[in-house]
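Analysis of the macromolecular model
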Amino acid sequence: MKSIRLSLLSTIVACSLLLCASSSALAQTGNQTDMTGYWKFSSPTSGLDYLQLKQTGEAVSTAGRRPLTGTLHAGKLHLASGTDANATTYDAVVKGDKFPATRITHDGPWGGTDTGTLERVTSEEVHPARLPLPDLRDLPDNGLVRTPPMGWNSWNKFHDRFDDATVRGMADAMVSSGMAKAGYTYIIVDEGWSSSRDANGKITGNARFPDMKALADYVHSKGLKIGIYSSPGPQVCGGYQGSYGHEEEDAQTFADWGYDYLKYDWCSAGGIYQSTWADLEGAYQKMGEALEKTKRPIVFSLCEYGAGDVWKWGAKAGGNLWRTTGDISDNWQSMQRIGFAQLDIANNAQAGHWNDPDMLEVGNGGMTADEYRTHFSLWAMLRAPLIAGNDLRTMTDETKSILTNPEIIAIDQDLEAKPVQLLSQEGTSEVLVRPLTGNAVAIGLFNRGDKPAEISFRWDSLHLGQGLGFGMRGPTVRDLWKHEDIPTTGDTFTATVPPHGVVMIQTTSGRRR
Ligand code: GLA
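Description of the structure in this document. Just so it is clear, the model here is predicted, and its values are computed rather than measured.

The rules behind each value
Residues numbered from 1 in each chain as written. Predicted model: local features only at pLDDT ≥ 70, side-chain atom pairs only at ≥ 80, totals over all residues. Heavy atoms only, no water. Core = buried A, V, L, I, M, F, W, Y, C linked by side-chain atoms within 4.5 Å. Buried < 20%, exposed > 50% of the residue type's maximum accessible area, 1.4 Å probe, protein only. Contact = heavy atoms within 4.5 Å. Salt bridge = Lys/Arg side-chain N within 4 Å of Asp/Glu carboxyl O. Helix = DSSP H or I, 4+ residues; strand = E, 2+ residues; numbered from the N terminus. Axes fitted to C-alpha atoms, helices over the stretch in contact; angles between N-to-C directions. Parallel < 35°, antiparallel > 145°, perpendicular 65-115°, else oblique. Left-handed = near helix turned anticlockwise from the far one by under 90°.

**With respect to the nonpolar core**
- Formed by 93 residues in total, the largest nonpolar core has its most connected members in Trp-193 and Phe-376.
- Not counting residues within four places of it along the chain, the set of residues in contact with Trp-193 comprises Ile-203, Thr-204, Gly-205, Asn-206, Phe-209, Met-212, Ile-228, Tyr-229, Phe-254 and Trp-257.

Below, the structure is given as structure tokens:
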């Protein structure tokens, strides 16, 4: 759906540059429609895609960063975003201001053919007027997720190409695989479920999600909780319906359907609001207040990629977690760049209000097992939400053993919730430390380099306060990936760490407090 996301974005970009033509361009030239103006592509199975078309003679094009170009010839419209394998194409026989059309997207495994309608719309539909935001105030803590939320989300594996049956299958697998027992609770339906609004303005599921309440009931019947996805903008990033102007109604609908978690993604809100702290906080507070009003306990997950230092105000807007970065991809560079950049803001998380460096890619195939162990260990050290993003129905034993490692999960979920600290960094070797409950300490020896590395630290460098000096009898040390206690002698701990790998240990002081 990248192309759709881009075309929505490009419309916004073009319009913010005041390039928007007005809807007065609704016109017919001779017998042939003049396509100049705004058009909406919608289909029962996909999101909306708004196109701002310009026609000169037979040439038709859109503005923006990834423009579509093509022709209207003998009544046939053909538009393409390029000639490469990833091009998006539109084809239609043009007839008046509303007619059937086909969109083909080639976007890796997420491409597909959508049969729908192209319909001329007004510029006001594409760029609705800005509605007032609430005066900023601190919302009360909703008391949820005292430890970072754990669950599964559809986006990383499926993008928007999934359906009700996929989600039910994932709930089944969450239980049968042992993930639920390991602590994973929320099944989160990301972009792709919504259609539009019914005659009463109520948001509805699309053909792939015919009954969102029944889906919630099913997930609950498995002893799990369920999450849903929307945006403060009129559309979510891929064009599906968002909550703009319907915040209270949608919060109530999600509550009535029985949802327990809302991921609220900025997306097209960027075409309406400014990316200022006040607008960001106001737009999220608006939904935070709407959720509060429902009286249903709903975890509020802010997703605006870290804009406006969200970690400084996310809790005030009612947020239980907030994305601190752009999107993760299933590769080492992306994961380690995001993960290790979180250390500076680690102090901003607290029980019930977590930094979210994005969902897990463990098991999606783009990294080695060592890299996935690093991913999982790093997220646990950061006290990050552990939201799996792989296909739980088909995961390998190795993937399962990473995602359900109880000793690593215990670090993530530790009630003490003290922030991680960087103990040392030398070249591509980093040692991270986290104090835990019960006078214990987690230590991660991370090798970000391409060759095996010997990584060491001195026990007396762990200046973690009284009772954690380890001076007297020496600590007990446990290897959290090998699941065994390891003998230690001397003042220093040393491990050989594989390339892009980690050694995670936990110690308990031999000293009494
Ligand atoms: C944004 C979010 C992702 C996902 C997609 C859906 O990119 O950051 O996590 O929700 O939108 O389009």
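**Here we look at the pattern of salt bridges**
- This model, assessed by the stated rule, comprises 29 salt bridges.
- We note a salt bridge from Asp-172 to Lys-222, for which the minimum N-O separation is 3.4 Å. Residue Asp-172 is found in helix H4 (residues 164-176), and its partner Lys-222 is found in the loop between helix H6 (212-221) and strand S15 (225-230); the two are separated by 50 residues along the sequence.
- For Asp-172, a relative accessible area of 29% puts it in the partly exposed group.
- Salt bridges sharing common partners tie together Asp-49, Arg-103, Asp-114, Asp-160 and Arg-161.

**Let's talk about the packing of helix H9 (residues 332-340) against helix H10 (residues 369-381)**
- The contact between H9 and H10 brings their axes to 10 Å, and the two run at 20°. When the axis of H9 is compared with that of H10, the two are roughly parallel. In this structure, H9 meets H10 at a crossing whose hand is left-handed. The residues of H10 that touch H9, namely those facing Trp-332, Met-335, Ile-338, Gly-339 and Phe-340, are Glu-371, Thr-374, His-375, Leu-378 and Trp-379.

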